[in-house]
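Residue strings, one per chain:
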Amino acid sequence: MSRRPLLAIVGAATVLLPLLVAHPFVLSLATQALIWALLASSWDLLSGYTGQISFGHAGFFALGAYTAAATSKHLGFSSWVGMALGAAVAALVGLGAGFPALRLRGHYLALVTLALAELIRLVAQNWLAVTGGPFGIYDFGSFTGLPASGLARARAAYLLVAVIAAVGLGLMLYVCHKTRAGRGFRAIREDEVLAESLGINTTAYKLLAFGVSSGLAGLAGTLYAYYIQLVSPTVASAATTSLVIGMAVFGGLGTIWGPALGAILLFAINEGLRFIGVVYNLIAVGLVIMVFVIFLPRGLAGLRLRRKERTLRGDAAMTGAGGSGA
Amino acid sequence: MESLLEFLIQGVVLGGLYALFAVGLTLIFGVLNVINVAHGEFFAVGGYVLFAAVVLLHLPAALGVVASGLGAFLLGLAVYPLLIAPLNRRLGRRPAGSLYLVLTLGLSTFMQSSLLAIGGGDYRQVPPLVRGILEIGPTGVSYQRVLVLVAQAMGINLARIFSLTLALGVGLAGVGGALMAPLFNVYPAVGFPLTIKAFAITILGGMGNLAGALLASLIIGVAESMVVIVVPSQWQNGVAFLVMIAVLLLRPQGLLGRSDAR
C-alpha cells in the first residue's frame, strides 16, 4: 500500500525533528502533540473504526490523569505505577460504558458517554479530599527517574512520551489490521445486524474496542498528568472531547494514523493561534469539525486515497451505526 | 413538612424551565431528526443580546427580550442552509446518523468560543425584568420565573405551527436565555449544561415525545430540588446525568417512548 512509506516518513520525521531542534519550547510542544495524538487515535479506534460514537473521551482521559495524579500525590506511587493504574481504571470504566453500548446505538451512545464525562467532571470538581476540587491536583511529581530540569529533562520526557505513544499507536494499528478483531470492528461499523447473523461475536469485539480505546485514552491522560504536572476539572470538559473529535475528523476517521496526524497538525495550528489570542483555538476547532464533516468526511488521510474503495469510509463510521439510532 | 412543600414547588418551577428548553430540542429532533448539541449556545446568545440591550444600551426590557429572540432566530435561520442542507446534499439518500451530532458539537464549540472571544469570560449580571413574588402557600415564586413559564409556553405553540422549526426552536432558546438571564448569570458556557440536562430529559421522556419531555422535565426538576435534602447542593447537577444513564440501561425508549425507539 502506497500510504505506508508516507506514513513511516511522517512518523519518523515527527519523532526525530524535535530532537534535532532540541529547544525546550519545541520539545514541550512536540511532547504535548504526541499525547493528543494518542488520545485522538484512541477515539478513532472506538468511534471511527468501530462506529461506536463516544462523546465522553474527555472523561476517560481525565480518569487516567486524575488516577495517576491522586495516587502519586496521596499514596506516593511512582509514575510507572500511576500510569498503569490510570490506564487500568479508565479501561475498566470504559468497559462499564461498553455494556449499555451493547444495547444502544448512534445518538444514545453519544449522549450517554457525554453524561458519563460530565459526571466524571462533577466528581473531579466536588470530591475535594481526593481531587482538590476546582483547583485540581498539583505537586505530585513528574515521570520517575528523569533528569531534574533543563534540556536533558525535556529531551528525556519527550522520548519517553514518544515511545509510549508509538507503542499505543502501533498496538491499535496491529489490532485493527493484523488481527481478526479489526475485521470484527469494521463489520460492526458497516452493518452490525449482518455481522451478528454471520456469526461474528459483536459483543466481544465491542467490549474489546471500548476497553482498548478507553484504556489508551486513560494512558494519554496519565502522560498529560505527569508532563503538565497539574490536573484540573477542565480536562474533563466537553471542550476536550470536542478538541479530540476535531483532531480525528481533521485527520481522517477509521484510519488510526489519520487522527494522530490530525492531532499533531491541529495542535500546532492551535498553538500558533495562541499568538493571536487564546480564545481563537477552540473557534478553529469548531470550524474544522463543521467544514470536515460537511465537505471532507475522509479528512486529510482521505486526500491521497481517492481511487481506493474507502470513498465512504469517513461517513460509514457514523452513518452506518447511527442510522438505526433514531 | 412545609420546607418539603417548598422544595416541591421550587422543583416544579425548575422543571417548567427545563421543559421549555427540552421541548425546543424535541421539536427540532421531531421535524429534522437533528439532535442539536448547540441548543444551549443559542440560549447563551439570547442572554448576551439581552445583556447588551438592557445593561449596555439601556433599552426597555421588553425590547431586549424581542431582540434576543430575534437574534437567536436569525442565527438559527442560517444553520439549516449553511450546515444541515450541504451535509444532506453530500450524503444524498444515505442517513446522516450521528454526523448531525458531531456537526452540532462543532457548532457548539464554535459558538461558545466565539461568545468568549466577543464577550469575554466574565459572568454578566442582568437585573430582573419584572419584580415581585407570587405567593404560593408557604413559599413564593418570583414573577420573573412565572414570566419565563408563560412566555415559553406561548412560544412552543408558535414553533409547532410554523415549519421554520429549527430557527424557531433556537429562537425560543434565545428568548429563554434572555428571560432567564436575571436568574442565572450570562457567560459563554451558560447553556451547555442545560443542553445535557435537556438530553437527559428527552431520553427519560422518550426521544421526540413532547408529552414525555414535559413529564420528564417535572420529574428531573423535582428530583433536583429534592435531592439537596439528602446530599450537598453541588452534587445536584449529577441527578440528570445519573437518571440518563439509568434510563438508557433499563428502559432506553424512555417513559412514554415506543419500545422500538432504539
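Residues numbered from 1 in each chain as written. Chains lettered and ligands numbered in written order. Predicted model: local features only at pLDDT ≥ 70, side-chain atom pairs only at ≥ 80, totals over all residues.

The helix and strand tally for chain B stands at nine helices and two strands. Going residue by residue from the N terminus, the α and β elements of chain B occur as α-α-α-α-β-β-α-α-α-α-α. The burial tally for chain B puts 53% of its 262 residues in the buried class. For chain B, the share of sequence-separated contacts (at least 6 apart) that also reach a separation of at least 24 residues comes to 76%. (Helix = DSSP H or I, 4+ residues; strand = E, 2+ residues; numbered from the N terminus. Buried ≥ 20, exposed ≤ 12 C-beta atoms within 10 Å, placed from the backbone. Contact = placed C-beta atoms within 7 Å.)

Contact with chain A, which involves 43 residues of that partner, is made by 41 residues of chain B. At the level of secondary structure, the elements contributing two or more residues to the side of chain A that touches chain B comprise helix 4 (79–103), helix 5 (106–126), helix 11 (238–251), helix 13 (280–295) and helix 14 (313–322) of chain A. Counting residues per element, the side of chain A that touches chain B draws most heavily on helix 5 of chain A, at 13 residues. When the residues that make up the side of chain A that touches chain B are grouped by side-chain class, the tally is 29 nonpolar, ten polar and four charged. (Nonpolar A, V, L, I, M, F, W, Y, C, P; charged D, E, K, R; others polar.)

Taking 1.5 Å of rise per residue, 14 residues should cover 20 Å, and helix 11 of chain A covers 20 Å from first to last C-alpha, within 8% of that figure. Taking burial as the measure, the 14 residues of helix 11 of chain A include 14 buried ones, the bulk of the element. (Expected span 1.5 Å × (residues − 1).)

Quick look at the environment of G221 of chain B now. All names here are of chain B. By secondary structure assignment, the location of G221 is in helix 8 (residues 210–227). Distance in space between the C-alpha atoms of G221 and L17 is 8.5 Å, their sequence separation being 204 residues. Look past the residues within four positions of G221 in its chain and what remains in contact with it is G11, V12, L14, G15, G16 and Y18.

All right, on to the packing of helix 13 of chain A against helix 4 (residues 99–119) of chain B then. Two numbers describe how helix 13 of chain A lies on helix 4 of chain B: the axes approach to 8 Å, and their chain directions differ by 155 degrees. The orientation of helix 13 of chain A with respect to helix 4 of chain B, classified from their angle, is roughly antiparallel. The interaxial crossing formed by helix 13 of chain A with helix 4 of chain B has left-handed handedness. Across the interface between the two elements, Y280, L282, I283, V285, G286, L287, I289, M290, V293 and I294 of chain A of helix 13 of chain A pack against L99, V102, L103, L105, G106, L107, T109, F110, S113, S114 and A117 of chain B of helix 4 of chain B. Looking at the contact of helix 13 of chain A with helix 4 of chain B residue by residue, the class counts come to 16 nonpolar, five polar and no charged. (Axes fitted to C-alpha atoms, helices over the stretch in contact; angles between N-to-C directions. Parallel < 35°, antiparallel > 145°, perpendicular 65-115°, else oblique. Left-handed = near helix turned anticlockwise from the far one by under 90°.)

Before going further, it helps to spend a moment on the packing of helix 4 of chain A against helix 10 (residues 202–228) of chain A. One way to put it is that helix 4 of chain A packs onto helix 10 of chain A with a least axis distance of 6 Å and a crossing angle of 145 degrees. The two elements helix 4 of chain A and helix 10 of chain A meet at a crossing, and its hand is right-handed.

Should pLDDT be low for a region, the predicted coordinates there are not to be read in detail. Residue and element names in this part refer to chain A. In this model, chain A carries a mean pLDDT of 84, and residues with pLDDT of at least 70 account for 90%. Highest mean pLDDT in chain A belongs to helix 3 (residues 57–75) (93); lowest belongs to helix 14 (53). Here residues 320–326 is modelled with pLDDT under 50, and outside its nearest four sequence neighbours on either side it reaches 29 contacts, counting other chains as well. (pLDDT = per-residue confidence, 0-100.)

Bringing helix 2 (residues 39–56) of chain B into the picture now. Residue and element names in this part refer to chain B. The end-to-end C-alpha separation of helix 2 is 25 Å, in line with the 26 Å expected for 18 residues at 1.5 Å each. The element helix 2 is largely enclosed, with a buried count of 15 among its 18 residues. The positive-phi residue at the C-terminal boundary of helix 2 is H58, with phi of around 55 degrees.

As a further point, take the nonpolar core. Core analysis: the largest hydrophobic core is formed by 188 residues, its most contacted members being I35 and A115 of chain A together with A200 and M244 of chain B. Those residues in contact with A115 of chain A that sit more than four places away from it in its chain are I196, A200, F241, M244 and I245 of chain B. (Core = buried A, V, L, I, M, F, W, Y, C linked by C-beta atoms within 7 Å.)

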